[in-house]
Amino acid sequence: MSSTPAGPPSVDKVDGFTRKSVRRARQRRAQSSSQFRAQDKPIELTPLALLKDVSAQEQPELFVKKLQQCGTLFDFMETLSDLKMKEYKRSTLNELVDYVTVSRGYLTEQTYPEAVKMVSYNIFRTLPPSDSNEFDPEEDEPTLEASWPHLQLVYEFFIRFLESQEFQPSVAKKHIDQKFVLQLLELFDSEDPRERDCLKTVLHRIYGKFLGLRAFIRKQINNIFLCFVYETEHFSGVAELLEILGSIINGFALPLKAEHKQFLVKVLLPLHTVKSLSLFHAQLAYCIVQFLEKEPMLTEPVIRGLLKFWPKTCSQKEVMFLGELEEILDVIEPAQFVKIQEHLFKQISRCVSSPHFQVAERALYYWNNEYIMSLIEENSNVILPIMFASLYRISKEHWNPAISALIYNVLKAFMEMNSTLFDELAATYKAERQREKKKEKDREELWRQLEELELRRAIQNSDASAPAIPT
Amino acid sequence: MAGADGDDSLYPIAVLIDELRNEDVQLRLNSIKKLSTIALALGVERTRTELLPFLTDTIYDEDEVLLALAEQLGNFTMLVGGPEYVHCLLPPLESLATVEETVVRDKAVESLRKISQEHSPVDLEVHFEPLVKRLASGDWFTSRTSACGLFSVCYPRVSSTVKAEIRQHFRTLCSDDTPMVRRAAASKLGEFAKVLELEYVKSDIISLFTALASDEQDSVRLLAVEACVSIATLLPQEDLEALVMPTLRQAAEDKSWRVRYMVADKFSELQTAVGPEITKNDLVPAFQNLLKDCEAEVRAAAANKVKEFCENLPEDGRETIIMTHLLPCVKELVTDTNQHVKSALASVIMGLSTILGKDNTVEHLLPLFLAQLKDECPEVRLNIISNLDCVNEVIGIRQLSQSLLPAIVELAEDAKWRVRLAIIEYMPLLAGQLGVEFFDEKLNSLCMAWLVDHVYAIREAATTNLKKLVEKFGPEWAQNTIVPKVLGMAHDPNYLHRMTTLFCVNSLSEVCGQDITTKHMLPVVLKMAVDQVANVRFNVAKCLQKIGPVLDSNSLQTEVKPVLEKLATDQDMDVKYFALEAISVLVLA
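What counts and what doesn't
Residues numbered from 1 in each chain as written. Chains lettered and ligands numbered in written order. Predicted model: local features only at pLDDT ≥ 70, side-chain atom pairs only at ≥ 80, totals over all residues. Heavy atoms only, no water. UniProt positions renumbered as here; feature names shortened; annotations may be inferred. Helix = DSSP H or I, 4+ residues; strand = E, 2+ residues; numbered from the N terminus. Buried < 20%, exposed > 50% of the residue type's maximum accessible area, 1.4 Å probe, protein only. Contact = heavy atoms within 4.5 Å. Areas by Shrake-Rupley, 256 points an atom, 1.4 Å probe, with all protein chains shown as cover. Lys, Arg positive; Asp, Glu negative; His and termini not counted. Charge placed at Lys NZ, Arg CZ, Asp CG, Glu CD. Phe/Tyr/Trp six-rings, centres within 6.5 Å; stacked < 30°, edge-to-face > 60°. Lys NZ or Arg CZ within 6 Å of the ring centre and 35° of its normal. Domains from an automatic or database assignment. Salt bridge = Lys/Arg side-chain N within 4 Å of Asp/Glu carboxyl O. Patch = residues over 30% accessible without salt bridge, like charges linked within 9 Å, V, L, I, M, F, W, Y side chains within 5 Å. Core = buried A, V, L, I, M, F, W, Y, C linked by side-chain atoms within 4.5 Å. Axes fitted to C-alpha atoms, helices over the stretch in contact; angles between N-to-C directions. Parallel < 35°, antiparallel > 145°, perpendicular 65-115°, else oblique. Left-handed = near helix turned anticlockwise from the far one by under 90°. Nonpolar A, V, L, I, M, F, W, Y, C, P; charged D, E, K, R; others polar. Buried area = accessible area lost by both parts, 1.4 Å probe. Disulfide = S-S within 2.5 Å. Expected span 1.5 Å × (residues − 1). Bend = angle between axes of the 7 residues up to and from the residue.

The name that an unreviewed UniProt entry assigns to chain B is Serine/threonine-protein phosphatase 2A 65 kDa regulatory subunit A beta isoform, with the source organism given as Clupea harengus. As its UniProt record puts it under Sequence similarities (unreviewed entry), chain B is described as follows: "Belongs to the phosphatase 2A regulatory subunit A family."

As recorded in an unreviewed UniProt entry, chain A goes by the name Serine/threonine protein phosphatase 2A regulatory subunit, listed as coming from Clupea harengus.

The next subject is the overall build of chain B. Counting its secondary structure elements, chain B contains 33 helices and zero strands. Residues classed as buried in chain B amount to 58% of the 589 residues present. Taking contacts inside chain B between residues at least 6 apart in sequence as the whole, the part at least 24 apart equals 69%. When the accessible area of chain B is evaluated, it comes to approximately 24700 Å², of which 51% is carbon and sulfur surface. If you average the places of the 58 positive and of the 85 negative side-chain charges in chain B, the two averages end up 4 Å apart.

Moving on, we get to the packing of aromatic side chains. Scanning all chains against the criterion turns up 35 aromatic pairs over all chains. Taken together through their ring pairs, the aromatic side chains of Y112, F124, F157, F158, F161, F167, F180 and F210 of chain A make up a single cluster. Here the basic side chain of K86 of chain A rests over the ring of F76 of chain A, its NZ or CZ set 4.7 Å away from the ring centre. Note that R48 of chain B overlies the ring of Y85 of chain B, its terminal NZ or CZ placed 3.6 Å from the centroid.

In this chain, L254 of chain A is followed by P255 of chain A through a cis amide linkage whose omega measures -10°. With phi around 55°, E233 of chain A is a residue other than glycine that occupies positive phi space. Locating E233 of chain A in the fold gives a position in the loop between α9 (214-232) and α10 (238-250). Backbone geometry places V587 of chain B, a non-glycine residue, at a positive phi of 50°. Position of V587 of chain B among the secondary structure elements: in the segment after α33 (573-585).

The next thing to look at is the side chain of S256 of chain B. Turning to its location among the elements, S256 of chain B is positioned in the loop between α15 (245-252) and α16 (257-265). Apart from residues lying up to four places away in sequence, S256 of chain B is in contact with T126 of chain A together with D218 and R221 of chain B.

All names here are of chain B. According to the domain assignment, chain B contains domain 1 (277-394 + 401-412), domain 2 (414-473) and domain 3 (489-588). Placing the centre of domain 2 and that of domain 3 at their C-alpha centroids yields a distance of 25 Å. In this assembly, nine residues from domain 2 lie in contact with ten residues from domain 3. Linking domain 2 with domain 3 are zero salt bridges, by the criterion used here.

A surface patch of positive charge is lined by K467, K468, K472 and K546 of chain B. The class of K546 of chain B is partly exposed, set by a relative accessible area of 48%.

Another point: the nonpolar core. By size, the foremost hydrophobic cluster in this structure holds 364 residues, and its most contacted members are F157, I206, F225, L268 and F414 of chain A together with L564 of chain B. Of the residues forming this core, the biggest block, twelve residues, is contributed by helix α30 (residues 495-527) of chain B. Residues within four places of L268 of chain A in sequence aside, it is in contact with L242, I249, F263, L284, C287, I288 and F291 of chain A. One finds L45, F74, M85 and Y88 of chain A within the second-largest nonpolar core, a separate group that totals seven residues.

For the rest of this paragraph, the subject is the environment of E141 of chain A. By the secondary structure assignment, E141 of chain A is in the loop between α4 (111-123) and β2 (143-145). Between the alpha carbons of E141 of chain A and E440 of chain A there is a distance of 52 Å; along the sequence they are 299 residues apart.

Before going further, it helps to examine the packing of helix α14 (residues 315-331) of chain A against helix α15 (residues 334-352) of chain A. All names here are of chain A. For the pair α14 and α15, interaxial distance at closest approach is 13 Å and the crossing angle is 155°. Here α14 is positioned roughly antiparallel relative to α15, judged by the angle of their axes. Helix-helix and strand crossings are classified by hand; for α14 and α15 the assignment is left-handed. Touching E318, L322, L325 and L329 of α14 are F337, L344, Q347 and C351, all from α15. Broken down by class, the residue content of the contact of α14 with α15 amounts to six nonpolar, one polar and one charged.

A side chain with one charge can pair with a side chain of the opposite charge if their charged atoms come near. All names here are of chain A. A full pass over the atoms with the stated rule returns 57 salt bridges over all chains. Note that R448 is salt-bridged to E452, the shortest N-O span being 2.9 Å. With R448 and E452 both in helix α20 (residues 419-465) and four residues apart, this pair spans about one turn of that helix. Salt bridges linked by common partners bring R125, E145 and E195 together as one network.

This paragraph deals with the interface of chain B and chain A. Buried accessible area, meaning the area lost when the parts come together, often serves as the stated size of an interface. With 47 residues of chain B in contact, the opposing surface of chain A contributes 36 residues. For the pair chain B and chain A, the summed buried area comes to about 3900 Å², and 53% of that belongs to carbon and sulfur atoms. Counting every contact that joins chain B to chain A gives six salt bridges. K34 of chain B is paired through a salt bridge with E451 of chain A; the nearest N and O atoms lie 3.5 Å apart. Put simply, the parts of the chain that give the side of chain B that touches chain A at least two residues each are α1 (13-20), α2 (25-33), α3 (35-57), α11 (179-195) and α16 of chain B. The dominant element in the side of chain B that touches chain A, judged by the number of residues it contributes, is α3 of chain B, at five residues.

Our focus in this paragraph is the state of the cysteines. Counted under the stated rule, the structure contains zero disulfides over all chains. Lacking any disulfide linkage, C504 of chain B is separated from the closest cysteine sulfur, that of C543 of chain B, by 10 Å.

A few words on helix α26 (residues 417-434) of chain B. Residues and elements named next belong to chain B. In a regular helix each residue adds 1.5 Å, so 18 residues correspond to 26 Å; α26 covers 25 Å between its end C-alpha atoms and thus fits that length. Along its length, α26 shows its largest kink, about 40°, at M427, and proline P428 lies within four residues downstream of that point. Within α26, the full set of buried residues consists of V419, R420, A422, I423, I424, M427, P428, L430, A431, Q433 and L434. Remark: G435 follows α26 within two positions and exhibits a positive phi of approximately 90°.

A separate point is the environment of P236 of chain B. Residues and elements named next belong to chain B. As for its position among the elements, P236 is in the loop between α13 (218-234) and α14 (237-243). When the C-alpha positions of P236 and V483 are compared, they lie 67 Å apart, and in sequence the two are 247 residues distant. Leaving out residues up to four positions away in the same chain, P236 has contacts with L198 and K202.

Here it is, written out as structure tokens:
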């Protein structure tokens, strides 16, 4: 007898309205770049001798030949075509990687253009369209680059090439120029995370070695971010670019240039408004904190910016903002804190009373942070009156018992901090509410009068302009 | 204007400004949205001297508030004292046009464009044009992008020296070093070309167009394609080849699929703009390539244009071009690997039959239609079926009926209810074209099966479908074929099916007429008044209210009235409510 327990009745049969196609993460797909046109003829490469098998004098020439061969591209969507030649290119690339890692004296002036050309041929391509418009980077598997078996080795070669001791930026800068960098930056939109990771290392090396390109790279990253924020909301490599910027900012000299400050306020802060913030928030927050550690005077504009862009409807983002704010508060100077405390705690008071318990909880955790607590204590005469009404109201009303408990602790902390003020606020709480209600009534009355006036004017005007109707 | 000035004692500006400064964003937003009321209270003079300076100085707010402000100011001309004073609105709008948030900036530009028309030519040169220049040479990219949208509104109304300056500014922005500004300029290129004198179109615009179309960023290049349409329309035919075509050819073969997509998407407009000769020589091969593009996005965009492109081909030679150059590509698309491509093609391919005539349709197109009717993707099949009327005009639908039927049956049972819904909507059309006999034999059972679908939307659509069928085939057909089946469901154990009977009666009574309704439907409905399920009972009440007007007064009084009166004393609140409503609407009390 079968002992299989009877499962729950199939949902489909019970309720005809359940979605049968519950969103499933799509299969990992491979996609080729958009550059391939149908190739009719099979590709033939003449096998060359191994570099280690020829004499030292012959090596440079053979090296260049191999670089040229590796500029040939294969169609990886056709899994069965050119198998032999694909394997040959792969092994050649491997050989080249090893060669640039261990050999000495191979880098002649003629090899630079060939190496850069080989890399350019392979990596620079138009990225294919994203498979679906509603690609959700958190849910869906990314599209993977089909030619990765070759591409990976090309990137590896390039990184080793840039890192090689013999590499001379002064010679290479003729070939690795602004146009090269621009194309490199465009590739950061690749959906393949492996490729973006390689690109990150490449760009980092270039930024490190080519001083003349630094300003240009920063400016182009600026443009990518601005376009991302204000035009497309789509760019895969934001997190990677921010990671590079994190270390760039770390190296900024003091005092900060106006250009860098502008970047912080006009580019990094607006990045907080993007829908997909969760994908790069950690890196973004790191950059922001880096800036503030360099230059505490920037705290005020940064916090004002965050408050301006504070999420209105997305609780998940609100939690991220609160997390970032805590990171900032961890490094804030007391003098800066005093400047923004009023605006800041008006927002925190709204968060504390959020009906979404995660938001309220995240905000209430601030009171577990010793440094923030000490700042609040020093300024309790300003902060307590701002916070009091929300805390007092929510302590009685919040649906979530955990929040009520946290609020109780916060109230207790305030009471211990400044009991005189606390009692005073508790005593006047009701009167305050009355006063607010009256103000609200006055507003309504004002607007009623204004609208009446508008109506009267409209009638007057139409009387004046319309011809008199004989009665 | 009587009472144009506000009463100072009643509305001190401070109180009003307090409203605009309210701490609560929502309240602030509400106040800004009623800015005209505030301005009215202040009167024109104080609006100009106090309100506008305040607004100009305090532009640092939530983008939502700024957006509302930018919109309001576009309608403020009368509130500042009419066209004579309209330039007072420029300072706040200028600040708004430099804001980062795109929607705010765009709205500010829209308002500026609007009020530019209210400036006198003198004011335009004294106040408006300097503003455009300031924006065009602003430090941050936002002001420069805004400037791009303002050139074309002032150009036609200023002196020739100022015109030359404007052209120069536009030229500078087209080669700006931020791509955002170049994009803005490229997107306004066509609009700007339209207000320029022809000689400047040839000398200035063409070089800008060529430069933008070979920009290093594909997002700029693709915007040049859009401009291409306007520019080609402006130029005389003999100049097109030399001035426009090299760039257009290059765009159609651009290495970025986004640019090629744009060409495909604008193909009909381009075709009209360049005229028949160039179409024959250049656009036909270009279109072939787009239909064979390596990116599905591009192929789908091109496939969408197949019918329109063919329709607009010059009549002499049209058939040859289609048959020898385009049809082979179209044939390949029928078996494309991408369903969006096939689906795009299926939505237009039937249109080719009117262009090619009966013989070609039967010989060449019919096999394609049949193949698409068997396509694995339901959208493809559906798109073919939804365009059947085009073929019907040319060859009659019967040619297709053998393949049509399995396709319809399969769609009718598709697992996705939206697909089922879509096919139901074509039933009346199909029934009309296939005739009553074919319908009774093959499709009737499908129509009845939908009545017991497990999705309400399908049952509802099936009910409406029956009504349309009766409109086509007449009451007698209804009485013989569908009414018995519908009424049979009144005894179904499932209350949802019993309710379906009532819904069908609701929609059928009018088209079936008094006789059928009184003799056949009414008795069944009345019997259902004692159903155990309250939902059925109150639907009986609703049904009686609905069919009441079709019945004669005798049966209303002797049969309907007693039943409704009984229902009006039902235990269930809703049943009572609807019974009472029916009694009062039918005036039976």
